[in-house]
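What follows is each chain in one-letter form.
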Amino acid sequence: MTAIGLASVKGSPGVTTFALALATAWPVGLPVLLAELDASGGDIAGCFRLPPDPGVASLATEIRRDRDPELLFRNAQTLPTGVKVIPAPVGPGQAQAALTALAVTLPEVVQRLPRNVSLLADLGRLNRPSIELANSMDRLLILAKPRLADLVHLEGLAEAVPHAELVLVGQGPYPPGEVTDAVGLKILAHLRHDPAAQAFLEGRRRRTRLLRAARQIGAVLASPFELEPSA
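Residues numbered from 1 in each chain as written. Predicted model: local features only at pLDDT ≥ 70, side-chain atom pairs only at ≥ 80, totals over all residues. Heavy atoms only, no water.

1. Points about the overall build of the protein
Then, number 1: Summing up its helical and strand segments, the protein has 11 helices and eight strands in all.
Then, number 2: Relative to the globule expectation of 17 Å for 231 residues, the C-alpha radius of gyration of the protein, 17 Å, shows essentially globular dimensions.
Then, number 3: In the protein, buried positions account for 53% of the 231 residues.
Then, number 4: Counting every atom, the protein has about 10,700 Å² of accessible surface; 52% of that belongs to carbon and sulfur.
Then, number 5: Both charge centroids of the protein, one from 23 positive and one from 22 negative side chains, sit 7 Å from each other. (Helix = DSSP H or I, 4+ residues; strand = E, 2+ residues; numbered from the N terminus. Rg over C-alpha atoms; globule rule 2.2 N^0.38 Å. Buried < 20%, exposed > 50% of the residue type's maximum accessible area, 1.4 Å probe, protein only. Areas by Shrake-Rupley, 256 points an atom, 1.4 Å probe, with all protein chains shown as cover. Lys, Arg positive; Asp, Glu negative; His and termini not counted. Charge placed at Lys NZ, Arg CZ, Asp CG, Glu CD.)

2. What about the pairing of strand β6 (residues 139-144)?
The two faces of a sheet get side chains in turn, since along a regular strand they alternate between them.
Then, number 1: Buried residues dominate β6, accounting for five of its six residues.
Then, number 2: Here strand β1 (residues 2-8) pairs with β6 via four bridges, running parallel. In the strand pairing of β6, A7 is matched with I142.
Then, number 3: Bridge analysis of β6 against strand β7 (residues 164-169) gives five bridges, and the strand direction is parallel. Bridging from a neighbouring strand, I142 pairs with L166 of β7. (Pairing = 2+ DSSP bridges.)

3. Examining the sheet that holds strand β8 (residues 186-191)
Strand pairing in a sheet takes place through backbone hydrogen bonds and is either antiparallel or parallel in direction.
Then, number 1: The strand order β3-β4-β2-β5-β1-β6-β7-β8 describes an open sheet built from eight strands, whose pairing is mixed. For this open sheet the edge positions go to β3 (77-78) and β8, each flanked by a neighbour on one side alone.
Then, number 2: Packed on one face of the sheet, helix α1 (residues 15-24) meets β1, β2 (32-36), β5 (118-125), β6 and β8 and runs near 170° to β5. (Contact = heavy atoms within 4.5 Å. Axes fitted to C-alpha atoms, helices over the stretch in contact; angles between N-to-C directions.)

4. Looking at the pattern of salt bridges
Then, number 1: Per the counting criterion, the structure on display carries six salt bridges.
Then, number 2: A salt bridge links R147 to D150, with the nearest nitrogen and oxygen atoms 3.1 Å apart.
Then, number 3: The exposure class assigned to D150 is buried, which follows from its relative accessible area of 6%.
Then, number 4: The closest approach of N and O atoms between K186 and E165, which form a salt bridge, is 3.9 Å. Pair noted here: K186 is in strand β8 and E165 is in strand β7, with a separation of 21 residues, a long-range link.
Then, number 5: Through salt bridges that share partners, R67, E108 and R112 make up one connected network. (Salt bridge = Lys/Arg side-chain N within 4 Å of Asp/Glu carboxyl O.)

5. Here's the deal with the nonpolar core
Then, number 1: Grouped together as the largest cluster of nonpolar side chains are 47 residues, with contacts concentrated most on L37 and L166.
Then, number 2: For this core, the element with the most residues is helix α5 (residues 92-111), which contributes seven residues.
Then, number 3: In contact with L37, not counting residues within four places along its chain, are V56, L99, L102, L106, A121, D122, L123 and L133. (Core = buried A, V, L, I, M, F, W, Y, C linked by side-chain atoms within 4.5 Å.)

6. Quick word on the packing of α1 against helix α11 (residues 209-221)
Then, number 1: Following both chains from N to C, one finds α1 and α11 inclined at 65°, their axes separated by 8 Å at the closest point. One way to sum up the angle between α1 and α11 is to call them roughly perpendicular. Here α1 and α11 pass one another in a crossing that is right-handed. Contacts between α1 and α11 involve T17, F18, A21, L22 and T24 from the former and L210, L211, A214, I217, G218 and L221 from the latter.
Then, number 2: Split into classes, the residues belonging to the contact of α1 with α11 amount to eight nonpolar, three polar and no charged. (Parallel < 35°, antiparallel > 145°, perpendicular 65-115°, else oblique. Left-handed = near helix turned anticlockwise from the far one by under 90°. Nonpolar A, V, L, I, M, F, W, Y, C, P; charged D, E, K, R; others polar.)

7. Looking at α11
Then, number 1: The end-to-end C-alpha distance of α11, which contains 13 residues, comes to 19 Å, matching closely the 18 Å that a straight helix rising 1.5 Å per residue would cover.
Then, number 2: Listing the buried residues of α11 in full gives L210, L211, A213, A214, I217, G218 and L221. Taken around the axis of α11, the buried residues stretch over an arc of 155°, which confines them to a single face. The exposed residues of α11 that point more than 90 degrees off its buried face are R212 and Q216.
Then, number 3: As for α11, its buried residues are in contact with β1, α1, β6, β8 and α10 (197-201). (Expected span 1.5 Å × (residues − 1). Arc of directions from axis to C-beta.)

Below you can see the structure in the form of structure tokens.
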């Protein structure tokens, strides 16, 4: 099992879109589950016209009495792309309540997942309770635009979440080396702007620059595991 959190600290750099692309492009043969753990409310249910349940709210209720990792898959829905996702409630009130409960119980359940299963957690903007979940992740990817207005919010993050890594999104005046020196975080990848990203999020397009980049990043993140032989 590996748990990978994806988050931001400022603005909207496209965390949900990237998380969905990463899950879609995850190496074949390795099970992956996307959990939309955004305390401000989710986007995936609205984009794909999913029913409210099962999802994060039902997971938060059931996990109080059941810590079987299969619980995560029972509360997931399958997108047209084949990605299994636990969608967050659209409303921030219900999402915040669910995440407050899951911050205490979810890490224990995730640790019991089989070794070859990966969990991708869309944490949205880091705050309480998402910061608690972020600290429980094996890896934490912080998406940020390489601009001063965004980078200043990363100060102190290396001390608060030492295992955090940066994914830079779009263009900016600062090269990756200067960003690392300024904020103290390793840069995992630099995503170019993709005008088709919104169409991908809405399920209207599959071949995009973002998806190609996600395939490369997914191969790196999944590298500790050996792919299962194809049937």
